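# Architecture and fold: a report
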Amino acid sequence: SRFNFANFHSNTLIKQSKDFRKTRIVRIFKIYVRITIMDKVSYQVQNGTTLPLFIKPKCGQDSAEFLTEWIAENKELLKQKILEYGAVLFRGFKVNEAIEFERAVKQIEPELSKEYRGTSPRKLLPGTEYVFTASELPPFFPIPQHLEMSFLSSPPRNIYFCCLEEPVGPGGETALCDFKKVYDELDPAVRQKFEDKGVMIIRNYIKRWSPFNDPTQLKGWPEVFNTEKKEVVEEECRNTCQDFTWKKDDGLRLLNKRDAFENHPVTGDRIWFTHLQVFHWYMLPDEFYRIYKRIGGLKYLLFSWIMWFAKLFFFTFLGPKNCGLHTCYGDGTEITNAENKHVRDITWKNMIFNRWKKGDLIMIDNYRISHGRQPYNGKRKIVVSWSMPYLRPSLVEKMQ
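Residues numbered from 1 in each chain as written. Predicted model: local features only at pLDDT ≥ 70, side-chain atom pairs only at ≥ 80, totals over all residues. Heavy atoms only, no water.

## As for the pairing of strand β2 (residues 53-57)
Taking burial as the measure, the 5 residues of β2 include 4 buried ones, the bulk of the element. Direction of pairing for strand β1 (residues 41-44) relative to β2: antiparallel, over a ladder of 4 bridges. Among the inter-strand pairings, Y43 is bridged to a residue of β2, identified as I55. (Buried < 20%, exposed > 50% of the residue type's maximum accessible area, 1.4 Å probe, protein only. Helix = DSSP H or I, 4+ residues; strand = E, 2+ residues; numbered from the N terminus. Pairing = 2+ DSSP bridges.)

## A short note on helix α6 (residues 188-197)
Note that an α-helix has 3.6 residues per turn; residues three or four places apart therefore point the same way. Every buried residue of α6 is accounted for by V190, R191 and F194. The buried side chains of α6 occupy one side of the element, clustering within an arc of 100 degrees when seen end-on. Exposed positions of α6 whose direction lies more than 90 degrees from the buried face are P188, A189 and D196. Where α6 starts, the residue carrying a side-chain oxygen 2.9 Å from the main-chain nitrogen of A189 turns out to be D187. Backbone geometry just downstream of α6 places G198 in the positive-phi region, at approximately 65 degrees. (Arc of directions from axis to C-beta. Polar contact = N/O pair within 3.5 Å; in protein donor to acceptor, adjacent residues only side chain to side chain.)

## Looking at a nonpolar patch on the surface
On the surface, L302, W305, I306 and F309 cluster together to form a nonpolar patch covering roughly 470 Å² of accessible area. Examined against the element boundaries, F309 turns out to sit in helix α11 (residues 298-318). Of the residues examined, F309 reaches a relative accessible area of 66% and is grouped as exposed. (Patch = residues over 30% accessible without salt bridge, like charges linked within 9 Å, V, L, I, M, F, W, Y side chains within 5 Å. Areas by Shrake-Rupley, 256 points an atom, 1.4 Å probe, with all protein chains shown as cover. Salt bridge = Lys/Arg side-chain N within 4 Å of Asp/Glu carboxyl O.)

## Comments concerning the pattern of salt bridges
Across all of its chains, the model carries 25 salt bridges by this definition. R290 is the salt-bridge partner of D286, the closest N and O atoms lying 2.6 Å from each other. Here D286 and its partner R290 are both found in helix α10 (residues 283-295), 4 residues apart, which amounts to about one turn of the helix. Judged on exposure class, the residue D286 and its partner R290 are both buried. Bridged by salt links that share partners, the residues D286, E287, R290, K341, R344 and D345 form one connected network.

## Topic: the sheet that holds β1
Here 7 strands make up an open sheet; going across it, the order is β1-β2-β3-β14-β6-β16-β4 and the pairing mixed. With partners counted over all chains shown, the strands left at the sheet margins are β1 and β4 (132-133), one partner each. Examined bridge by bridge, β2 and strand β3 (residues 87-90) share 3 bridges and lie parallel to one another. Along β3, the bridge assignment pairs F54 with L89.

## Remarks on the packing of α10 against α11
Packing of α10 against α11 brings their axes to within 8 Å, and their N-to-C directions diverge by 165 degrees. As the angle between them shows, α10 and α11 are arranged roughly antiparallel. Considering how the two elements wind past one another, α10 and α11 form a crossing that is left-handed. Judged by residue contacts, L284, P285, F288, Y289, I291, Y292 and I295 of α10 engage L298, Y300, L301, F303, S304, M307, W308 and K311 from α11. In the contact of α10 with α11, the residues fall into 13 nonpolar, 1 polar and 1 charged. (Axes fitted to C-alpha atoms, helices over the stretch in contact; angles between N-to-C directions. Parallel < 35°, antiparallel > 145°, perpendicular 65-115°, else oblique. Left-handed = near helix turned anticlockwise from the far one by under 90°. Contact = heavy atoms within 4.5 Å. Nonpolar A, V, L, I, M, F, W, Y, C, P; charged D, E, K, R; others polar.)

## Description of the confidence of the model for the protein
When pLDDT is averaged along the protein, the result is 88; 87% of the residues meet or exceed 70. Taken together, the stretch residues 29-37 has pLDDT below 50 and engages in 6 contacts with residues farther than four places along the chain or on a different chain. (pLDDT = per-residue confidence, 0-100.)

## Side note on the nonpolar core
F161, F194, W272, I362 and I364 are the most contacted members of the largest nonpolar core, which has 59 residues in total. No other element matches the 4 residues that α10 contributes to this core. Sequence-distant contacts of W272, that is, excluding residues within four places in its chain, are made with L147, F179, V182, Y183, L186, F194, A260, F261, Q277 and V343. (Core = buried A, V, L, I, M, F, W, Y, C linked by side-chain atoms within 4.5 Å.)

## Considering the layout of surface pockets
Any empty space left between the atoms is revealed when a probe the size of a water molecule rolls over them. As a volume, the second largest pocket reaches approximately 270 Å³. Lining the second largest pocket are 13 residues, and of these K79, E109, R157, N158 and V266 sit closest to its centre. Sorting the residues of the lining of the second largest pocket by element identifies α3 (75-85) and β6 (158-165) as the ones contributing at least two each. No other element matches the 3 residues that α3 contributes to the lining of the second largest pocket. When its residues are assigned to classes, the lining of the second largest pocket shows 7 nonpolar, 2 polar and 4 charged. (1 Å grid on protein atoms, 1.4 Å probe; cavity = no way out; pocket = protein on both sides within 12 Å on 5 of 7 lines; lining within 4 Å. Points joined across faces, edges and corners; volume = space filled by probe spheres on them.)

The following block contains the structure:
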């Protein structure tokens, strides 16, 4: 039989036409689905602020599964929103379990980190790989504003929180603050002093926590480093540019000098980038007093007085290098209480307090927006995950 080229050519064109129509239909469907998904959420800011951006469900699409799908479909848009606003808060979605939070976060951050070198005790939640309790500190204990692990050479790029049980009554907020504004509003003379000298972070850890130690010694060094092998601790300290000293009581002192400011890795904006407001001995008494002024409660005023005496005792008799936590200038000179108060005044002026609602999920740019915890009464369950370590831009420049 002869090969009929005309029929072959005609059949080929028909097949290609069908394939084209099929491909076009699939593309149109995908675009429709994407537009439909985007149309099922709303964007809002509240109280005349731009922090955070709220994303809420529309048309009843409020399941954790829908939220996970939405994040997967719009992760590039979401990254832009986080960069623009500093923090994005999903509200009104039914995120009831830690594993649902983890699934949602992994759509934008496929590689999360388990490595935690912070001072607040945390526990990994069963059934998850990367979700921890935000803090195991007692409810009355405040956590001042800070960028997560900013005292390290490589803090997380982003941090994520979710509310599985909202607090009742006053307090309990995870307040936010734009540390770009803190940098911008510093007195020029104070800013220049920090610019010139940098800061020195001092941390002292005992091997086992004891209630008779400095109240800022919240964990033993084996819990911080997840090992009791000193050689493993020493190796990590060398790799992360931290000077270490083993003390006679089997304790560990860590010293590390850092710039007080950092350039944002994307925008280049200058950011206040230090744990001064957490690690200075002045922190606890002042924080309790500000909380008393904000929400009342004579117990917070009492805690403020107690902490004044306790911290003055440890600072005076142990010296700054033996306090549980402390911060001074990079040359070893003390940061005055007036300078400390100045920084904290600006921080508190710019803090945003949003009440948690069950199911809230917030994504935060950890190189710009700080977070902290207000004390509370009763129950509250906030969980956290964070991205992989991200080398500080200033250290990249010094290594080049």
